[in-house]
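Residue-level structure breakdown
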Amino acid sequence: MEKVRLNNGSSLPYLGTGTNTYGKENNEYQGDLNGDFSALKSAIDLGYRLIDTAISYRNEAGVGETVSKSGIDRSAFYLTTKIPADNQYIKDKDTVRHTLEQSLKNLQTDYIDLYLIHKPIEDEDKLKLTWEVLEEYVGKGKIKSIGVSNFSIEDLKKLDQYATIKPAVNQIESNPTKWNNEWIKYMFAENIRPQAWGPMKTTDAHRQVLADIGEKYGKTWAHVLLRYQTQRGVIVIPKSHSRNNQEANLSSLDFTLSDEDIEKIDQL
Ligand SMILES: NC(=O)c1ccc[n+]([C@@H]2O[C@H](COP(=O)([O-])OP(=O)(O)OC[C@H]3O[C@@H](n4cnc5c(N)ncnc54)[C@H](OP(=O)(O)O)[C@@H]3O)[C@@H](O)[C@H]2O)c1
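Residues numbered from 1 in each chain as written. Predicted model: local features only at pLDDT ≥ 70, side-chain atom pairs only at ≥ 80, totals over all residues. Heavy atoms only, no water.

Here's the deal with the overall build of the protein chain
- Scanning the protein chain from terminus to terminus reveals 11 helices and 10 strands.
- Relative to its length of 268 residues, the protein chain is compact, with a C-alpha radius of gyration of 18 Å against a globular reference of 18 Å.
- Along the first, second and third principal axes, the C-alpha atoms of the protein chain reach 55 × 40 × 30 Å.
- Of all 268 residues assigned to the protein chain, the portion counted as buried reaches 52%.
- In the protein chain, the share of contacts with a sequence separation of at least 24, taken over all contacts with a separation of at least 6, comes to 71%. (Helix = DSSP H or I, 4+ residues; strand = E, 2+ residues; numbered from the N terminus. Rg over C-alpha atoms; globule rule 2.2 N^0.38 Å. Buried < 20%, exposed > 50% of the residue type's maximum accessible area, 1.4 Å probe, protein only. Contact = heavy atoms within 4.5 Å.)

This is the structure:
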């Protein structure tokens, strides 16, 4: 799969799978954990290697077990998880260390490829100490890359005051209902890689425009939407409980949208 290079020289696939409803009753975010990771297993079978989880999803351990049981070498995977911006996880440096160690244990691994701060941490002392421990874990080789999520331009500037290691990624919402293009432009200028969560969020009207564009390429609205993002350098992590959709999303990387079509999508 086509790979993207981060500001620290490491690389990862342009397309991965989200997991925020995996292992849960009725495939609902708030659903009780039921241990059903068949959707993740299906994604791995199809070739997904970039896997996005988070402590808040409560499913790190199930993700870790599914990856481990796949029998595929750990080095083939790119695992992302996230530390919540809640005091319970970031109270002091030892608490952050404990949180990171727990993620390593849950994911059944010696190292995590990408560790993100899930949401902006308002308290500057807590932001500083959390980032310092993330940097410490990069030093120890237990985390390969560190980044943030849902950080605005102001949040990134605040972090820049303390960071010795620049965030490699900012995972933010990006889809036709909210492109967040001002943030994305800033990130590209700063060499921070945007990664889009909620990439499939669309209205009927959006899907019609995207489907019309897709016709001449023999592609669906979903292919066109995902390709628009990856073609402009944005990593995508669509999540699906349907094997067909998982498979379809993988084939969004094998065509090139024309400048004219990109302009049409820009206008959505
Ligand atoms: N950092 C953050 O704050 C944050 C916030 C939200 C999410 N995330 C991460 O981002 C991941 C993705 O976001 P998301 O799960 O909220 O939403 P999403 O991936 O944008 O959308 C998921 C929905 O899209 C549908 N879908 C997927 N592929 C499709 C296709 N080819 N055709 C038609 N429908 C398709 C799925 O339905 P089917 O199951 O029927 O295919 C599912 O209902 C999450 O799982 C999570 O890992 C991060």
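Having seen the model, we can carry on.
A closer look at the nonpolar core
- Ranked by size, the top nonpolar core spans 62 residues in total, and within it I51, L100, Y115, I117 and L134 carry the most contacts.
- Per-element tally for this core: the top contributor is helix 5 (residues 124-139), with 6 residues.
- Ranked by size, the runner-up nonpolar core spans 9 residues in total, among them L210, Y228, F255 and I265. (Core = buried A, V, L, I, M, F, W, Y, C linked by side-chain atoms within 4.5 Å.)

Structural notes on the packing of aromatic side chains
- Under the criterion given, the structure shown has 3 aromatic pairs.
- Where Y29 meets Y57, the ring centres are 5.8 Å apart and the plane angle is 75°; that geometry is what we call edge-to-face. With Y29 in the loop between strand 3 (17-18) and helix 1 (38-46) and Y57 in the loop between strand 4 (50-52) and helix 2 (60-69), this pair connects stretches of sequence that are 28 residues apart.
- Take Y29: its relative accessible area is 34%, and that puts it in the partly exposed class.
- What makes Y57 buried here is its relative accessible area of 8%. (Phe/Tyr/Trp six-rings, centres within 6.5 Å; stacked < 30°, edge-to-face > 60°.)

A look at the layout of surface pockets
- There is about 590 Å³ of room inside the largest pocket.
- Lining the largest pocket are 30 residues, and of these N20, W197, G198, P199 and K239 sit closest to its centre.
- Considering each element in turn, the lining of the largest pocket owes the most residues, 3 residues, to helix 10 (residues 243-250).
- Looking at the lining of the largest pocket residue by residue, the classes come out as 12 nonpolar, 13 polar and 5 charged. (1 Å grid on protein atoms, 1.4 Å probe; cavity = no way out; pocket = protein on both sides within 12 Å on 5 of 7 lines; lining within 4 Å. Points joined across faces, edges and corners; volume = space filled by probe spheres on them. Nonpolar A, V, L, I, M, F, W, Y, C, P; charged D, E, K, R; others polar.)

Comments concerning the environment of K219
- Topologically, K219 is positioned in the loop between helix 8 (204-215) and helix 9 (221-231).
- Sequence spacing of K219 and Q88 is 131 residues, and the spatial spacing of their C-alpha atoms is 46 Å.
- When neighbours within four sequence positions are excluded, K219 is seen to be in contact with G214, V224, S251, D254 and F255.
- For K219, the side chain forms a polar contact with the main-chain oxygen of S251, separated by 2.7 Å. (Polar contact = N/O pair within 3.5 Å; in protein donor to acceptor, adjacent residues only side chain to side chain.)

Some thoughts on the site of the ligand
- The environment of the ligand is made up of 25 residues, and the closest members are D52, M200, S240, H241 and N249.
- K239 places a side-chain nitrogen or oxygen 2.9 Å from an oxygen atom of the ligand.
- H241 places a main-chain nitrogen or oxygen 2.7 Å from an oxygen atom of the ligand.
- In isolation the ligand offers 900 Å² of accessible surface; the protein chains occlude 76% of this area.
- Comparing atom positions with the cavity grids shows the ligand to sit within the largest pocket.
- Secondary-structure elements contributing two or more residues to the shell around the ligand are helix 9 and helix 10. (Near = heavy atom within 4 Å. Areas by Shrake-Rupley, 256 points an atom, 1.4 Å probe, with all protein chains shown as cover. Sits in = over half its atoms within 2 Å of the grid points.)

As for the sheet that holds strand 5 (residues 78-83)
- Across the sheet, which stays open at both edges, the 8 strands sit in the order 3-4-5-6-7-8-9-10 with parallel pairing between neighbours. Of all the strands in the sheet, the pair left with one neighbour each is strand 3 and strand 10 (235-236). (Pairing = 2+ DSSP bridges.)

Details of helix 1
- Turning to helix 1, its buried residues are A39, L40, S42, A43, I44 and L46.
- In the segment just after helix 1, G47 is the residue with positive phi, at about 120°.

Considerations on unusual backbone geometry
- For R58, which is not a glycine, the phi torsion comes out positive at approximately 65°.
- Following the sequence through the fold, R58 ends up in the loop between strand 4 and helix 2.
- The phi dihedral of N191 falls on the positive side, at around 60°, and the residue is not glycine.
- With respect to the helices, strands and loops of the structure, N191 is situated in the loop between helix 7 (181-190) and strand 9 (193-197).

Points about the pattern of salt bridges
- For the coordinates displayed, the defined rule picks out 18 salt bridges.
- The salt bridge involving R97 is made with D94; its shortest N-O contact spans 2.8 Å. Within this pair, R97 and its partner D94 are both found in helix 4 (residues 93-106), separated by 3 residues, close to a single helical turn.
- For D94, a relative accessible area of 54% puts it in the exposed group. (Salt bridge = Lys/Arg side-chain N within 4 Å of Asp/Glu carboxyl O.)

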